[in-house]
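Structural description and commentary
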Amino acid sequence: MSMATSFDPNGKPVQIEIVPKNPFCPAVISLRTEGYSVQLHLSDEIIAELAYMVNTHIDNIKYPQSVPPTEKEEIA
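Residues numbered from 1 in each chain as written. Predicted model: local features only at pLDDT ≥ 70, side-chain atom pairs only at ≥ 80, totals over all residues. Heavy atoms only, no water.

The next point concerns the environment of Pro 26. Within the secondary structure layout, Pro 26 lies in the loop between strand 1 (15-19) and strand 2 (27-33). Spatially, the C-alpha atom of Pro 26 lies 5.9 Å from that of Leu 42, the residues being 16 residues apart in sequence. Ignoring any residue separated from it by four or fewer positions in sequence, one finds Pro 26 in contact with Lys 21, His 41 and Leu 42. (Helix = DSSP H or I, 4+ residues; strand = E, 2+ residues; numbered from the N terminus. Contact = heavy atoms within 4.5 Å.)

Structurally, Ser 30 can be placed in strand 2. Those residues within four positions of Ser 30 in sequence are excluded, and the remaining contacts are Gln 15, Ile 16, Glu 17, Val 38 and Gln 39.

Taken together, the side chains of Leu 50, Val 54 and Ile 58 present a nonpolar region at the surface, about 210 Å² in accessible area. As for its position among the elements, Val 54 is in helix 1 (residues 44-62). (Patch = residues over 30% accessible without salt bridge, like charges linked within 9 Å, V, L, I, M, F, W, Y side chains within 5 Å. Areas by Shrake-Rupley, 256 points an atom, 1.4 Å probe, with all protein chains shown as cover. Salt bridge = Lys/Arg side-chain N within 4 Å of Asp/Glu carboxyl O.)

Moving on, we get to unusual backbone geometry. Despite not being glycine, Asn 10 has its phi angle at roughly 50°, a positive value. Among the secondary structure elements, Asn 10 is positioned in the segment before strand 1.

This part covers the pairing of strand 3 (residues 36-42). Examined bridge by bridge, strand 2 and strand 3 share seven bridges and lie antiparallel to one another. Its bridge partner lying in strand 3, Ala 27 is registered against Leu 42. In this structure, the hairpin formed by strand 2 and strand 3 is closed by a connection of two residues, where Gly 35 is found at a positive phi of approximately 80°. (Pairing = 2+ DSSP bridges.)

Shown next as structure tokens:
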């Protein structure tokens, strides 16, 4: 089974909460704003992978990789 959903807060503040796993339920990440709520029930491994991807994205925003200029080839 697959599902797709969009979460667009349209500039409104977003509340983010993580409820740790317990013996009956995996960890839950909740994103809430006015009128919208998304809950992700994820294993710790998936949360760790998601955190890595988010941190990599943030690092690229703060410290973008500069692309070295290419050397011009001389035509003989």
